Amino acid sequence: MANYLSMADEQLVKAYASGNNDAFDALLKRHQDRVFNYILRIIKNEDIANDIFQETFVKAILTIKQGRYTENGKFPAWISRIAHNLIIDYYRQEKSENLQSADIEDVDILNRKDLCEATVEDNIIATQILDDVKYLIQELPELQKEVLNMRYYQNLSFKEIAEKTGVSINTALGRMRYAIINLRRIAAEKDIILTL
């Protein structure tokens, strides 16, 4: 890691794009505090800030790996822009979920499915979906299954997962990405529908 400390961000990006995962770990360590603090300052909720932070670096990884990163000597500004856009997306989603006009007479804002008790049919479908998800998870390779369980069932951050499994954060993120891709593929192959 010592030789990475003296490398410029753009050199680290190039090294990572060429397959050197340690280079991305160096980038992450260099910028994680600043990016996380920026997100937390706006969001003011540590759990949501953690999710947005992790999504920021997942997007960065995908962009670099797909060869879509444009070298301009401004990696910090670029990663901050990704975080900023994800924060905007978060607030848009929050607004759309909570926005309902009481002025429209033919709309009863209290007549919403999420305010009602579930029907017997809803409960049966929800149970079936949970069973299907458990089945799909068992079909995953062991390392992907481990990361997925730690993230969604133990509610660990990718940093905690990386520490527990002894891999880089980048590797943990990659395993999660492939787990989700494989879950979708297996569900499609077996005609399993995972929505109500």
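Residues numbered from 1 in each chain as written. Predicted model: local features only at pLDDT ≥ 70, side-chain atom pairs only at ≥ 80, totals over all residues. Heavy atoms only, no water.

A. Spotlight on the overall build of the chain. Assigned secondary structure in the chain consists of nine helices and zero strands. Secondary structure elements of the chain, listed N to C terminal, follow the sequence α-α-α-α-α-α-α-α-α. Per-residue burial for the chain yields a buried fraction of 35% across its 196 residues. At a minimum sequence separation of 6, the contacts of the chain that also span at least 24 residues come to 58%. Of the roughly 12800 Å² of accessible surface on the chain, a fraction of 51% belongs to carbon and sulfur atoms. (Helix = DSSP H or I, 4+ residues; strand = E, 2+ residues; numbered from the N terminus. Buried < 20%, exposed > 50% of the residue type's maximum accessible area, 1.4 Å probe, protein only. Contact = heavy atoms within 4.5 Å. Areas by Shrake-Rupley, 256 points an atom, 1.4 Å probe, with all protein chains shown as cover.)

B. How the structure looks around the packing of helix H8 (residues 158–165) against helix H9 (residues 169–189). The geometry of H8 relative to H9 is characterised by a closest axis approach of 8 Å and an angle of 105 degrees between their N-to-C directions. Relative to H9, the element H8 is oriented roughly perpendicular. Along its contact with H8, which presents Phe158, Lys159, Ile161 and Ala162, the element H9 presents Ile169, Ala172, Leu173 and Met176. A per-class count over the contact of H8 with H9 returns seven nonpolar, no polar and one charged. (Axes fitted to C-alpha atoms, helices over the stretch in contact; angles between N-to-C directions. Parallel < 35°, antiparallel > 145°, perpendicular 65-115°, else oblique. Nonpolar A, V, L, I, M, F, W, Y, C, P; charged D, E, K, R; others polar.)

C. Structural view of the pattern of salt bridges. The full count for this structure, using the stated rule, is five salt bridges. Of the charged contacts in the structure, one is a salt bridge between Arg30 and Asp9, with a shortest N-O distance of 2.6 Å. Within this pair, whereas Arg30 is found in helix H3 (residues 21–43), its partner Asp9 is found in helix H2 (residues 9–17), the two being separated by 21 residues in sequence. Overall, the relative accessible area of 33% leaves Arg30 in the partly exposed class. Taking relative accessible area as the criterion, Asp9 reaches 14% and is therefore assigned buried. Note that Arg92 and Asp89 form a salt bridge whose closest N and O atoms lie 3.9 Å from each other. You can see Arg92 and its partner Asp89 sitting in helix H5 (residues 75–98), three residues apart, about one turn around the helix. (Salt bridge = Lys/Arg side-chain N within 4 Å of Asp/Glu carboxyl O.)

D. Quick look at the nonpolar core. Grouped together as the largest cluster of nonpolar side chains are 49 residues, with contacts concentrated most on Phe24, Ile39, Ile64, Phe75, Trp78, Ile79 and Phe158. Those elements that provide at least two residues to this core are H2, H3, helix H4 (46–65), H5, helix H6 (120–138), helix H7 (142–153), H8 and H9. In terms of residues, this core owes the most to one element, H3, which gives nine residues. If we ignore the near neighbours within four places in the chain, the residues touching Ile39 are Lys44, Ala49, Ile52, Phe53, Thr56, Ala83 and Ile87. (Core = buried A, V, L, I, M, F, W, Y, C linked by side-chain atoms within 4.5 Å.)

E. Summary view of the packing of H7 against H8. At a minimum axis separation of 10 Å, H7 and H8 run at an interaxial angle of 135 degrees. Taken together, the axes of H7 and H8 lie oblique to each other. In terms of crossing hand, the pair formed by H7 and H8 is right-handed. Every residue of H8 that contacts H7 at Glu146, Val147, Met150 and Arg151 is listed here: Phe158, Ile161, Lys164 and Thr165. A breakdown of the residues in the contact of H7 with H8 according to their chemical character gives four nonpolar, one polar and three charged. (Left-handed = near helix turned anticlockwise from the far one by under 90°.)

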